[in-house]
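In case you want the letters, here they are:
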Amino acid sequence: QVQLVESGGGLVQAGGSLRLSCAASGRTFSRYAMGWFRQAPGKEREFVAAISWSGGSTYYADSVKGRFTISRDNAKNTVYLQMNSLKPEDTAVYYCAADLWGGTLLRRGALEYDYWGQGTQVTVSS
């Protein structure tokens, strides 16, 4: 079992920044990949970014590449999503997720992830 708790969401103006955190507990954090997803009202959940168990590899959706950075601190059992140059279309509930079985793969399919946090709301005003 893995428990995930996101924090750091809020309201920000376009062009601003936010840093999301996701604290994990349960299984050994350093042994599995992590991902961030988001879901806007009326839309499907979409992939944002993923990071390997070591933090050495990352993978981004085209829509956030160059603006968002995923990172992790295995000593703190935490994964982060630094979001810069935010746009109104980034408004969504953001979820972190754990991929226990992908090995060295970084996957973008929501069904590939085994555990999910409760989500944190990010609202970007224009």
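Caption draft 1: Representation of the overall build of the chain in the model. A tally of regular secondary structure across the chain gives zero helices and 11 strands. Put simply, the chain runs from its N terminus to its C terminus through helices and strands in the order β-β-β-β-β-β-β-β-β-β-β. Here the chain holds 126 residues, and 44% of them are scored as buried. Counting only contacts in the chain whose residues sit at least 6 apart along the sequence, the fraction spanning at least 24 positions is 59%.

Caption draft 2: Structural detail: the packing of aromatic side chains. Taken as a whole, this structure holds seven aromatic pairs when the rule is applied. Between Phe37 and Phe47 the ring centres are 5.7 Å apart and the planes differ by 75°, which places this aromatic pair in the edge-to-face class. In this pair, Phe37 is assigned in strand 4 (residues 33-39) and Phe47 in strand 5 (residues 46-51), connecting sequence segments 10 residues apart. Both residues of the pair, Phe37 and Phe47, belong to the buried class. Residues Phe37 and Trp116 carry aromatic rings whose centres are separated by 4.9 Å and whose planes lie at 55° to one another, so their mutual orientation is tilted. With Phe37 in strand 4 and Trp116 in strand 10 (residues 115-116), the pair connects residues that are 79 residues apart, well separated along the chain. Given a relative accessible area of 1%, Phe37 falls into the buried group.

Caption draft 3: Examining the pairing of strand 5 more closely. The buried fraction of strand 5 is high, at five of six residues. Of the pairings in the sheet, the one linking strand 4 to strand 5 comprises five bridges and is antiparallel in character. Of the residues in strand 5, the one forming a bridge with Phe37 is Phe47. Connecting the antiparallel pair strand 4 and strand 5 is a turn made up of six residues, with Gly42 showing a positive phi of about 80°. For strand 5 and strand 6 (residues 58-60), the ladder comprises three bridges, and the chain directions are antiparallel. Across the sheet, the residue bridging to Ile51 is Thr58, located in strand 6.

Caption draft 4: Region of the structure containing the sheet that holds strand 3 (residues 18-26). One open sheet holds the four strands; their spatial order is 1-3-8-7, and the pairing between them is antiparallel. Each edge of the open sheet carries a strand with a single partner, namely strand 1 (2-7) and strand 7 (68-73). Averaged over all adjacent pairs, the angle separating strand axes in this sheet is 15°, with direction ignored.

Conventions and cut-offs
- Residues numbered from 1 in each chain as written.
- Predicted model: local features only at pLDDT ≥ 70, side-chain atom pairs only at ≥ 80, totals over all residues.
- Heavy atoms only, no water.
- Helix = DSSP H or I, 4+ residues; strand = E, 2+ residues; numbered from the N terminus.
- Buried < 20%, exposed > 50% of the residue type's maximum accessible area, 1.4 Å probe, protein only.
- Contact = heavy atoms within 4.5 Å.
- Phe/Tyr/Trp six-rings, centres within 6.5 Å; stacked < 30°, edge-to-face > 60°.
- Pairing = 2+ DSSP bridges.
- Axes fitted to C-alpha atoms, helices over the stretch in contact; angles between N-to-C directions.

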